[in-house]
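Residue strings, one per chain:
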Amino acid sequence: MSQRIRRVLNVAEKPSVAKAVSEILSNKRFSTREGRSRYNKIFEFEYAVYGKIVRGIKEPDQLCHMSFTSVTGHLMEMDFEERYRKWGSCDPVNLYELPIRKFVPDDKLDIKRTLEEEARRCDWLILWLDCDREGENIAYEVIDVCTAVNNRLQISRAKFSALINGEIINAVQNLIQPDKNKADAVDARQEIDLRIGASFTRFQTILLKDSFVIDVYGNDGRNMVLSYGPCQFPTLGFIVERYWEIQAHEPEEFWMINCSHASEDGTSHFNWMRGHLFDYTSAVIVYEMCVQEPTATVVNVMEQRKFKNPPHPLNTIELEKRASRYFRMSSEHTMKVAEDLYQAGFISYPRTETDSFSEKTDLRGIVQQQQGHPVWGTYAQQLLDPGTELWRNPSNGGHDDKAHPPIHPTKFSAGESNWTQDHLRVYELVVRHFLACVSQPAVGAETVVQIDIAGELFSTTGRMIIARNYLDVYRFENWGGSVIPQYVFGQQFMPTSLTLDSGITRPPPLLSEADLLNCMDKAGIGTDATMHDHIKKLLDRCYATKDANMRFSPTTLGEALVMGYDDMGYELWKPDLRAKMELGMKAVSEGRKSKTDVLKDCLEEMETCFRDARLKKEELLKAMGIFFERSNRAGGVDQHIGGEVVRRCPACNESDMVLRQKQDGNFMVGCLGYPQCRNAVWLPGSILEAAVTPQICTSCTPAPVFMIQFKFRRMDIPPNFDANHLGCVGGCDDILRQLRDICGTGSRSSVSSAPTRGNGPTAASNNTQRSNTMTRQGPVTCTHCRQTGHSSNECQTRMPRPQASQSRTRNPQSGETSVTCDKCGAPCPLREANTENNRGRKFYSCQSRECNFFKWADSIDTRAGTEAMGSSRSASSNMSSAARRGGGGRGRARNSGRGGSGSGGRTSRARAAPTGTTFVSATGEPISTRGMECVFCGELHPASTCPTRAGR
């Protein structure tokens, strides 16, 4: 009976790895066929997987038909559901809670189809993904796709670190299970980065891009995205912080004493052991003491053997740092070159945190491969010669990621025809570094001589190299030696020179790429596989620049963003928050914490930061204002910043409507779909505070319409209205509508009258928009006559009709006027409002709390003037109540000659109006000025502010 041949689907992370492993396992005898994706071919061959020994019994070998294909990195993406991917679809703060999904993007669908077709025909899945967290996550993406069409698949994982025969054969004969903890750690990191990045990116882009002319992007930054990344910003913070240190440095002069002694054996230069002094007088006094007694006495001679140790085995971060330092290569380019060398089989896996070799590693075998090299081959031979005693087992760097060994050469090469100069450099660095770390340290004899001159100590050091050892092969380092004359204890001599020299303190240099990588490594920002990518993003997004010396400076945009967040108080640009997240994700990968717990802790903390940052957005605006000019483009802060969700927009049916407070302090409810949808509900200008509550209106549809808790300024509303009100903007709230008619809506932008470009109905005109704003759910009802079909502003019952004017009397002693309460008959004294919108405006109110009598003084003046005009008043019969009151302090003066905006209402009342000036209300309608003249001088300002009043 013949043995059943098992069909095995093998999946690698890249097409080149799939081909390389297939060549090794099949001894280059395999067939090739096309898959759905033309870049991911399928290699087929027969292979026998040896049976394992279980409890002393060897399982039978398994003859397998291998189908070997690949993915191209991550097969899936993580993102929000489609309806929330548009920036105007929701309040950014909701991104911390909205559902997300992992899916195969369109450009990877062909790879998915290949996996599905092959998985249906196979009964065993072997995963050949990279052995790190990302590789483990990709493995589970492949598992999800394959098991969705064949849930009977046996699943195994191959663990390898280099594309060489020994590693690959050992991996296939010792298959393991994939690690779900590592995959969960990557899912946690992706979700954290998505939610934080999306919320802050939307927040700062919407806030800033239309408010300032940001020319670093070209075209005034109109199409820019101000990206925020949880790793990216702390990395930028390191650059900005060093830049600020340099800018804050104030050079300070110091003085030091230098001594030299020349003899027949050479010249020695002695350094003052005080270093230097910043006080010139003190330095001069000490120097004069030495000059007066210049004889030098040797007080100490120390001779000792010194060692310069070779480097630890090479990990990813050290490879990036040393390539930057030695060859001026960027970390991103270094990793690309290293990846090429790995896929071609010349070096081991280049993404590893490990800097110590295990005892099982055949170190001498690696050295043997290099004996034939024309440059370092002789040194490799000396290492293997026991007589030279040059060999030393490598030191332990203290890091082991349990996935891959340190980076080392896996195949000999004297240079390939397709290699660039950078490929040669990186391969040379890897080989020389490995040979150095298995070599003896350099040995030197060091002599330190100390002398005394007038009680001041000076010292010099001489060094002689005894054995160079690893320095012979590691040309990137040196250990300078300097020979000094021989001195003995008690010897005296006269210095050849004794000088008082000055110097100035210097700031630290800008961060180099090696410095920046070191900062990120120490702070735990990113991983060995992602650090170079974070640095590249800073450059791509114009947050930082890199000069010819490989040193980083922040751009004005990068500095402004960091300054703004720094002024908020939350150190979002500091590494602490991200380092804490990285520790949490490491705990998930090690099985010490669950993904759910880490997500909950991180996202709750960052949501708090986000809410606080939004409340303190003015700090970010101030910081940007230091570096960039303000833009006159429409939109910006007032229209775009998200607030608390009130309801779904009934106009476009796509985005939420949110409660917002504009820069002028007034409140509105606007659609997040702006500028495509310009639907807005303008609220009374007398609101002091407003907050959306969880309560839902039971009358308005479509539900839910969340009710808003309002707090009004007491002096801005009639006394018969409560200052606290739980209201609804859906159209059912009569109190809110009355207050809007009485108090106006404050200053408006042109948004309210702009046509809607969403999917909903289009506003017909300005007046239609205003009259329908508060009553979208039904016909308009007048608040005065209670009839439908017209608003209170158009009500015929409010047309002027003859009536007795309010009687006013003047106190002959104080000169103050009063009116008679129409309820109790008592005199109501004249008072002055002190609220923001009505400061300086006069009113009458009864001293009895039971009457609730209240009258604005200028409304009495306006009505009196109107009566005198008689029938001519009909020309202005459609004025709003706010217009008849003189605009409530929020009107505008419009020059009829130029048609432009004039000064605000309060300013215009405090000075005479220029000729040709017409006053308009907040809605743009004319206001009669009859009856508004000062009783003393006749100008248009309150009598209480008249400059002629003092002399009367």
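Check the entry above for the structure.
Turning our attention to the packing of helix α13 (residues 513-523) against helix α14 (residues 531-540). Interhelical geometry of α13 versus α14 gives an angle of 120 degrees and a closest axis separation of 11 Å. Taken as axis vectors, α13 and α14 run oblique relative to one another. For the element pair α13 and α14, the recorded crossing hand is right-handed. In contact with Glu513, Leu516, Leu517, Met520 and Asp521 of α13, α14 contributes Met531, His534 and Ile535.

All right, on to unusual backbone geometry then. The amide bond that connects threonine 701 to the next residue, proline 702, takes the cis arrangement and shows omega of -5 degrees. Following the sequence through the fold, proline 702 ends up in the loop between β24 (687-696) and β25 (706-712). With omega at 0 degrees, the peptide bond leading from alanine 703 into proline 704 counts as cis. Positive phi, normally seen in glycine, also occurs at alanine 454, with a value near 55 degrees. Looking at the secondary structure, you find alanine 454 in the loop between β14 (442-453) and β15 (456-467). Its identity is not glycine, yet asparagine 469 carries a phi of approximately 50 degrees, on the positive side. Secondary-structure assignment places asparagine 469 in the loop between β15 and β16 (492-493). A relative accessible area of 18% means that asparagine 469 is categorised as buried.

Pairing is mixed in the open sheet, where 6 strands are placed in the order β2-β3-β6-β1-β9-β10. A single partner strand is all that each edge strand has here, and the edge strands are β2 (31-33) and β10 (154-157). Across the sheet, the axes of successive neighbouring strands diverge by a mean angle of 30 degrees, strand direction being ignored. As judged from the 7 bridges shared by strand β1 (residues 6-12) and strand β6 (residues 62-70), these two strands associate in the parallel manner. Across the sheet, residue alanine 12 finds its bridge partner in β6, namely serine 70. On top of the sheet, helix α1 (residues 15-26) reaches β1, β3 (42-49), β6 and β9 (124-128); it is set at about 40 degrees to β3, its chief contact. Each of β1, β2, β3 and β6 touches helix α2 (residues 109-121); the most contacted strand, β1, lies at about 160 degrees to it.

Another aspect to go through is the environment of serine 348. With respect to the helices and strands, the residue serine 348 is situated in the loop between α9 (331-343) and α10 (363-368). Among the residues examined, serine 348 registers a relative accessible area of 0% and is labelled buried. When the C-alpha positions of serine 348 and lysine 411 are compared, they lie 9.3 Å apart, and in sequence the two are 63 residues distant. Aside from chain neighbours lying at most four places away, what touches serine 348 is Ser161, Ala162, Tyr342, Pro406, Ile407, His408 and Thr410. Only 3.3 Å separates the side chain of serine 348 from the backbone oxygen of proline 406, close enough to count as a polar contact.

Conventions we followed
- Residues numbered from 1 in each chain as written.
- Predicted model: local features only at pLDDT ≥ 70, side-chain atom pairs only at ≥ 80, totals over all residues.
- Heavy atoms only, no water.
- Axes fitted to C-alpha atoms, helices over the stretch in contact; angles between N-to-C directions.
- Helix = DSSP H or I, 4+ residues; strand = E, 2+ residues; numbered from the N terminus.
- Parallel < 35°, antiparallel > 145°, perpendicular 65-115°, else oblique.
- Left-handed = near helix turned anticlockwise from the far one by under 90°.
- Contact = heavy atoms within 4.5 Å.
- Buried < 20%, exposed > 50% of the residue type's maximum accessible area, 1.4 Å probe, protein only.
- Pairing = 2+ DSSP bridges.
- Polar contact = N/O pair within 3.5 Å; in protein donor to acceptor, adjacent residues only side chain to side chain.

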